Structure formats: structure tokens, C-alpha cells
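Inside the fold
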Amino acid sequence: MSQVGPTLSLPVVDQTEVHARTTEFQIIRRNFVKNRGAIAGLAIILALVFTAIFADVLAPYDPIEQSRAFMEPPSAAHLFGTDALGRDLLSRVIYGARVSLAVGLGAVLIALLIGMFVGLMGGYFGGRVDAFVVMVIDTFMSFPGLLVAMVIAAMLGSSLPVVMLAIGIGEFTLFARLVRSVVYTERERDFVLASRSLGASSFHILITHIIPNILPSLIVLVTLSIGNAILSAAALGFLGLGAQPPTPEWGNLVNIGQEYMREAPWLVWFPGLAIVATVLGANMLGDGLRDALDPKHRR
Amino acid sequence: MLPGDPVMHMFAGQYVTAENMALARETLGLDKPIYIRYFEWLLRIMQGDFGTSIVSKRPVADMILSVLPRTLELAVAATLVTVVFGIPAGVLAAIKKNTWVDSALMVVVSLCVAMPLFWFGLIALLFFSVELRWFPVAANAGWSSLVLPAFVLGLQSACMIARLTRSSMLQVLGDEYVTTARSKGLSPWRVVTVHGLRNAFIPILTLLGVQASWLLGGAVITETVFARPGLGTMAVDAIRQMDFPVLQAVVLIAALTYTTVNLVIDLMNAALDPRIVYDTEASKA
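Residues numbered from 1 in each chain as written. Chains lettered and ligands numbered in written order. Predicted model: local features only at pLDDT ≥ 70, side-chain atom pairs only at ≥ 80, totals over all residues. Heavy atoms only, no water.

Points about the overall build of chain A
Of regular secondary structure, chain A possesses 11 helices and 0 strands. When the elements of chain A are put in sequence order from the N terminus, they spell out α-α-α-α-α-α-α-α-α-α-α. For chain A, the residues scored as buried account for 47% of the 299 residues in total. Taking the intrachain contacts of chain A between residues at least 6 apart in sequence as the baseline, contacts between residues at least 24 apart amount to 68%. Summing over all exposed atoms, chain A offers an accessible surface of approximately 14,700 Å²; the carbon and sulfur share of this is 67%. (Helix = DSSP H or I, 4+ residues; strand = E, 2+ residues; numbered from the N terminus. Buried < 20%, exposed > 50% of the residue type's maximum accessible area, 1.4 Å probe, protein only. Contact = heavy atoms within 4.5 Å. Areas by Shrake-Rupley, 256 points an atom, 1.4 Å probe, with all protein chains shown as cover.)

Put into C-alpha cells, the structure is as follows:
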């Protein structure tokens, strides 16, 4: 509390606000740091992002270069073994992190943008707009997300942006529903009514009053959705509708590996474990953020 | 040309003239604008006509009917696994809150939710069918070939149900009427099942409904991994060959199943909780 002194020169109202915000942030940070699962999740995700960025430095071999070391079990030279074409599996899994993380983040971003737009419209304008929005959400929810993604990927051809779009469209309903329900309650709050009575435009109210209030829930949902998006991307890759070989992607690595599963089980084990670790990390981080950000979940 | 053009797929690798391609489009009705095709399709569906497959030339309705029982038995068995394992596990974790039983169950749940379904299926196949030989590798060996796919598909949703059951139970067990029931001297079993679970059940049922849609997506994966014929494998084949009449039918069935299951669940919720009323007249009053 040593900064009370220097801030005395500020106007009184501002000072309490600044003060309240720092404490709120401190509470959140303390809750987050206390949570061992959340820290472990953050560490996993940071390590993976690091791996993805520095894949060319970290990978011991070229991920698509073939050699005569066909289907060698894990050894000192090839920690994860090699595949049927003599490619180093560790290097392929490392490069696969790039594709999987990029698709996961990209898909969630698309889902977030579509979901926010749809949800804000419905929740804020209400009435007929909302009825239409609810209908759109219900329609999309009634189709299995994976099936929707499969159809989109097949129709538009399997390139990375298409896979992101396909998964994003399959998952936007979660965001739309969250945003809609929160906006629905927020727009009746006194500070919003006050702002409107001062003549603020709808757009201004959305940006300055409503979006900051749904931010914590959105951050949590984004984090928790990344795991799901990575799982969907891997499923598409497994079905041959995701990233196309020779590009290594965790899903298509398992797909290629399953053919030799009996002789070389490591081809299935390691890419799968990479997916499990990533999704687990994202989920633990998301749970930790939720516990830290949401007062209802605080212990 | 889009990669998803079925006519291009039909003639892939062959020499065809532009006239022949146009003729093929005309016979398939693909030369008409999309909204006309959509309404024509709707009209035929109303009459029970799902069209014919572009690839096999068989009526789509026949194709669907021939595999529907296989997918239904998988879905029902998986749901059974979900309910039988998920709910008791969640209740147990809630009763033993903050003990090693609770922690162990929640670690299992976190791991199992993070697993890709196809990978879990392959590992299960490798371990139980290839190594231990407990279950047949073949998909058409009667009931024994249903066990492993049903467990693979059901366990993951069981984990999600277990997590929800735990939190739902924890909330209910803290309520005053549960304390009252306890102080009346009712047996712990009765308190947990009648006063606890019954009231914690509505979110669980609702999640089961949402998972009906997830289950069909999961069936696509599970059937592919275990090489089981079914709606899922049919959808994958249809997508690969751009056999859109088949695909449309599968997607329609998926949506219809989801809607029906959720309607039933809404009604069950109303039966469980008298406070839920689906009467528009009453809510207007």
C-alpha cells in the first residue's frame, strides 16, 4: 500500500477506482498463482508455444526427409522412433505442434468473432433480432459439430484456413450463447440505463459498458475451447480431412501410424500423447482462470 | 471449380467432354439454382424419398435402413456406459469431496476428457483386442464386438457427466433441505439418492441431451476406428466421394435425433421438477 502517498495528487474519485482495480487484479493473480493445476497448465501451454515457434531449431531432423531407418523403435538417435518412410517421429511431432496450435487458436478466434457478433446482436437488440439469433444458434446446435466441420472441409478443400473456419463454425454456438445471455442481463443494469439516458449510442454502450463485463467469462471460454478445437482439428486430420500429408499434423500422424499399429505402436502413441498433453494443459489453464476470475468459484 | 463438385469426382481421371459433364449435371439436377434444389429436396423428403446415391445408385433410404440398427445399438450401449459409470462416479466424488477418492476420480476425468476419441479407440483396440485378445478385432462378431466400441464412445461422455454430477451434487448437498433430511436421521443413502441426486439430476439430464449430438459425431470416429458399418462410416464415405444425397440424409437424421432427444429430455425435466412448466398460456399470465 506504499503507492497511496504518490497518488494523493490525483482527483479523489480516480484514486479509489485505480486502487480498487489493482486490488481486484491482485486477488485474481493471487488466486491463480495459488492454483497448482493452473500454473502447470500455463507451463505446458508456454512450453508448447515455444516448441511451435522454434520448431526448426528444436527438431533434431528434417520432418519430411526420408531415411533408411524404417520403423525403428525409440532409441537415443530417434527418441520417438521412426515411421515407415524412415522419418524421425520426434521431429514430426515437434513440427506438428505448429499446425495443431495454429489451427486451435485460429478456430477459436473465428468461433469467438462469429459468436460475439451473433450473441451481441441477439442479447442487445432483443425482440425479433433475438428470436432470429436463437433460431440460428439452435439450428447449429442440432448438428454435431464434427459433422459440420467435416462437410465444410470436404466442400472447400482441406487447407489450414478452411480447417480453422470449419471448426470455428462448428463451435461458435458456445460463444454466441454465453455472450447473448450475459448481455441480456447486463443491458438492464443501472449503469447501462444511465449511459443510455445520457444519450450514448448503442455501439458506445456495447464497447465501453457491456464488452468489459463479459470479458472474464469470454477469456475462460476461449481457453477452454482451445482444447476442444485442437481435438476437433486432430479428428479431422485423423479422417484425412485436415492438414494434408506430408505436412505433419498430430491427427494425420496418428492416421498414418494406425496402419502399422501392431508392428510400430509408437507411431500412434507419441502423437496422441502430444494431443493429450496440449488439451490437458489448455483445460487446466482454463479451469484455473475460471477459479481465479469468477468470484463464485473462489475458495 | 470447387474441390467439392460431385461431377468432377464422378469423372475423376477420365476423359470427358464438356457436353457429357453438362448432361451428368442435368440428370443429377445440379444445373438448377441451390434454392430450387433445396425446396425440391424438402418436398421429396416429405414424401419419404431420400433420393438415390450418386456412387452406388441405390436408394438412400435403403442404405440408411441397412446400417441404422448398428449405429443405434452403439449409441444406446454408449449411453448406458455413460449413465452407469458417469453418474455413480460423480456422486462418489461429491460424497468423498477433498479425499483421495475424489482427487483420483477427477484426475481420471481430466485425462479422459483430454484424450482424442480416435486415439483412445486405437489404444483400446491395441491393448484389449490385439494384446489381451479379450475382444474380437473384427467388427461383425456379434455382441462381443460391440463391447469395446461402446466403452470407448461411452467413457468419454461418462467423464463429462461425472464432472457435472459432482458439481451439481455438491451444490445440492449444501442446501438446507439436505441438512434437514440429515437431521431428521434419514439414512445417508436415502439422503444422497432421494434428496440429493433427484434434485441434482436436471442439469445432468440436460447435458445428456446435448451429448446426443456429440454422440453422433463420436460415432463417426468410433465406427471408423473399429471399422464398423454404420451411419458414421457412411457419412465419412459419402464425404470422401461427394455423395451428397447420402450426406444430406445422414445430416438430417443427426439433426432430427438431436431435436427429438432434447424434446424428450425437456419433458422429463418437467416431470422431475414441477416448477418447470412448458405452457405458453400459463407463462403469459
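Alright, that's what it looks like, and here's the rest.
Notes on the overall build of chain B
Assigned secondary structure in chain B consists of 12 helices and 0 strands. Secondary structure of chain B in N-to-C order comes out as α-α-α-α-α-α-α-α-α-α-α-α. For 285 residues, the compact-globule formula gives about 19 Å, and the C-alpha radius of gyration of chain B, at 24 Å, lies well above that figure. Taken over the C-alpha atoms alone, chain B extends approximately 85 × 65 × 30 Å along its principal axes. In the structure as shown, chain B presents an accessible area of about 15,200 Å², 67% of it carried by carbon and sulfur atoms. Averaged over its 20 positive side-chain charges, chain B has a centre that lies 11 Å from the centre of its 19 negative ones. (Rg over C-alpha atoms; globule rule 2.2 N^0.38 Å. Lys, Arg positive; Asp, Glu negative; His and termini not counted. Charge placed at Lys NZ, Arg CZ, Asp CG, Glu CD.)

Describing the interface of chain B and chain A
Chain B puts 37 residues into the contact, and the matching count from chain A is 34 residues. With both sides pooled, the region where chain B packs onto chain A buries about 2,900 Å², and carbon together with sulfur makes up 82% of that total. Run the count over chain B and chain A and you get 1 salt bridge. A salt bridge links Arg163 of chain B to Asp287 of chain A; the nearest nitrogen and oxygen atoms lie 4.0 Å apart. Our count for the contact surface shared by chain B and chain A stands at 2 residue pairs in polar contact (both at pLDDT 80 or more). Grouping the constituent residues of the side of chain B that touches chain A by class yields 29 nonpolar, 6 polar and 2 charged. (Buried area = accessible area lost by both parts, 1.4 Å probe. Salt bridge = Lys/Arg side-chain N within 4 Å of Asp/Glu carboxyl O. Polar contact = N/O pair within 3.5 Å; in protein donor to acceptor, adjacent residues only side chain to side chain. Nonpolar A, V, L, I, M, F, W, Y, C, P; charged D, E, K, R; others polar.)

Examining the packing of aromatic side chains
The full count for this structure, using the stated rule, is 7 aromatic pairs over all chains. With a centroid separation of 4.9 Å and an interplanar angle of 50°, the aromatic rings of Phe50 of chain A and Phe54 of chain A are classed as tilted. Relative accessible area serves as the criterion here: at 38%, Phe54 of chain A is assigned to the partly exposed category. Relative to Phe128 of chain B, the ring of Phe127 of chain B lies with its centre 5.1 Å away and its plane at 85°, an arrangement referred to as edge-to-face. (Phe/Tyr/Trp six-rings, centres within 6.5 Å; stacked < 30°, edge-to-face > 60°.)

Topic: the packing of helix α6 (residues 145-156) of chain A against helix α7 (residues 160-186) of chain A
Residues and elements named next belong to chain A. Put simply, α6 and α7 touch, their axes get as near as 8 Å, and they point 150° apart. As the angle between them shows, α6 and α7 are arranged roughly antiparallel. As α6 runs across α7, the sense of the crossing is right-handed. Counting all contacts with α6, which are made through Gly145, Val148, Ala149, Ile152, Ala153 and Leu156, the residues of α7 involved are Val162, Leu165, Ala166, Ile167, Ile169 and Gly170. A class-by-class count of the residues in the contact of α6 with α7 yields 10 nonpolar, 2 polar and no charged. (Axes fitted to C-alpha atoms, helices over the stretch in contact; angles between N-to-C directions. Parallel < 35°, antiparallel > 145°, perpendicular 65-115°, else oblique. Left-handed = near helix turned anticlockwise from the far one by under 90°.)

Quick look at the pattern of salt bridges
For the structure shown, the criterion picks out 8 salt bridges over all chains. Note that Arg228 of chain B is salt-bridged to Glu73 of chain B, the shortest N-O span being 3.2 Å. Remark: Glu73 of chain B occurs in helix α4 (residues 60-95) and Arg228 of chain B occurs in the loop between α9 (188-225) and α10 (231-241); sequence separation between them is 155 residues. Overall, the relative accessible area of 1% leaves Arg228 of chain B in the buried class. Each member of the salt-bridge network shares a partner with another, and the members are Asp287, Arg290 and Asp291 of chain A together with Arg163 of chain B.

As far as function goes, none of this settles anything; it's purely spatial.
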